[in-house]
Amino acid sequence: MSPSSRRGFFRELAASVVAPGAEEHAVSGQLSDAAVERYSRQLVLPEWGEAAQVALAEASVLVIGAGALGAPVALYLAGAGVGRLGVVDDDAVELSNLHRQLLHFTPDLGAPKAESAAAKLRFLNPEVLVDAYRVRLDDGNAGTLVAGHDVVVDCSDSFATRYAVCAACCAAGVPFVEGGVLGLAGLVMSVRPGRSACYRCVFPSAPDDAPRCADAGVLGPAAGVIGSLQALEALKLLTGVAPPITDGFLQLDLATADVLRVHAERRSDCPDCGED
Ligand SMILES: [Zn+2]
């Protein structure tokens with residue numbers, strides 16, 4: 001099949017899959033031929049369609065951390081066609097990162113992770129504008145970094161960063177996705193500030209003795225599962241393609257394959273999102 005007839009085939013295919021009563025899913029020409037082909041496998045999803053694709057192209061997402069979670073998040077969001085991606089990381093690529101941080105390769109050792117990640121994401125999808133921020137997000141700069149984004153995905157590995165992200169996103173009204181992984185277990189949750197329980201509503205304070213990845217270890221695919229779920233949550237928040245995991249979190253034990261949906265409610269006295 002020639003490239004032009006292949007484009008026509010995918011446009012026809014995408015346009016033909018129109019759910020009853022959902023004519024907006026037809027491809028009406030807002031997308032270029034190349035975009036129709038690039039995104040054809042998601043465009044044919046009855047839950048997705050052109051409206052979701054256009055919404056994604058106009059969206060801006062900030063990914064905090066370009067490590068084990070940030071790599072799958074940024075790769076899937078760039079692949080899916082998010083219009084603008086910011087990547088925040090102040091670390092350099094180390095040899096001990098490479099077993100799980102899929103955006104960085106052996107020749108990248110010593111390079112800034114934000115730049116290493118941005119280079120791969122631009123290779124994957126040149127349509128996406130990628131901004132590399134070589135800074136560590138903290139209470140002082142969180143507000144400036146999250147401002148103007150449609151969704152923030154926190155892929156950091158510290159409780160201090162998570163609380164800084166939560167406070168900044170709640171103050172700015174920016175939906176965000178939290179995630180964490182350690183060993184063979186992890187959790188994922190989405191937050192719509194003012195509408196669903198925030199991270200601090202669910203976890204009012206950090207545990208005193210939380211182990212770190214460097215001490216407790218983590219397997220690459222376990223991080224990949226959690227990061228992939230975070231990417232999926234971001235797509236849900238951006239397009240409404242499916243309900244995100246809000247008012248609580250999803251806890252996954254990947255050793256036993258036990259999945260637990262833990263429900264939680266907003267706290268009126270929450271310092272980040274409370275109304276008191
Ligand atoms: Zn809260």
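Residues numbered from 1 in each chain as written. Predicted model: local features only at pLDDT ≥ 70, side-chain atom pairs only at ≥ 80, totals over all residues. Heavy atoms only, no water.

(A) Spatial organisation of the overall build of the protein chain. Helix and strand content of the protein chain: 11 helices and eight strands. Counting across all 276 residues of the protein chain, residues that qualify as buried make up 48%. For the protein chain, the share of sequence-separated contacts (at least 6 apart) that also reach a separation of at least 24 residues comes to 62%. Here the protein chain displays about 12800 Å² of accessible surface, and carbon together with sulfur accounts for 54% of that area. (Helix = DSSP H or I, 4+ residues; strand = E, 2+ residues; numbered from the N terminus. Buried < 20%, exposed > 50% of the residue type's maximum accessible area, 1.4 Å probe, protein only. Contact = heavy atoms within 4.5 Å. Areas by Shrake-Rupley, 256 points an atom, 1.4 Å probe, with all protein chains shown as cover.)

(B) How the structure looks around unusual backbone geometry. Even without being a glycine, aspartate 247 presents a positive backbone phi close to 55°. Its place among the elements puts aspartate 247 in the loop between helix H11 (220-239) and strand E7 (248-253). Of note, the phi angle at alanine 257 is positive, near 65°, even though the residue is not glycine. Relative to the helices and strands, alanine 257 is located in the loop between E7 and strand E8 (258-263). Assessed through its relative accessible area of 62%, alanine 257 is described here as exposed.

(C) Examining the sheet that holds strand E1 (residues 60-64) more closely. Here eight strands make up an open sheet; going across it, the order is E3-E2-E1-E4-E5-E6-E7-E8 and the pairing mixed. The sheet is open, and its two borders are formed by strand E3 (129-133) and E8, each paired with just one other strand. The average undirected angle you get between the axes of adjacent strands in this sheet is 15°. In this sheet, E3 lies alongside strand E2 (residues 84-88) in parallel orientation, the contact comprising five bridges. From the neighbouring strand, leucine 85 faces E3, where its bridge partner is valine 130. With respect to the sheet, helix H8 (residues 159-172) is in contact with E1, strand E4 (151-154) and strand E5 (176-182), its orientation differing from that of E5 by roughly 170°. Most of the contacts of H11 go to E5, to which it runs at about 170°, and overall it touches E1, E4, E5, strand E6 (185-191) and E7. (Pairing = 2+ DSSP bridges. Axes fitted to C-alpha atoms, helices over the stretch in contact; angles between N-to-C directions.)

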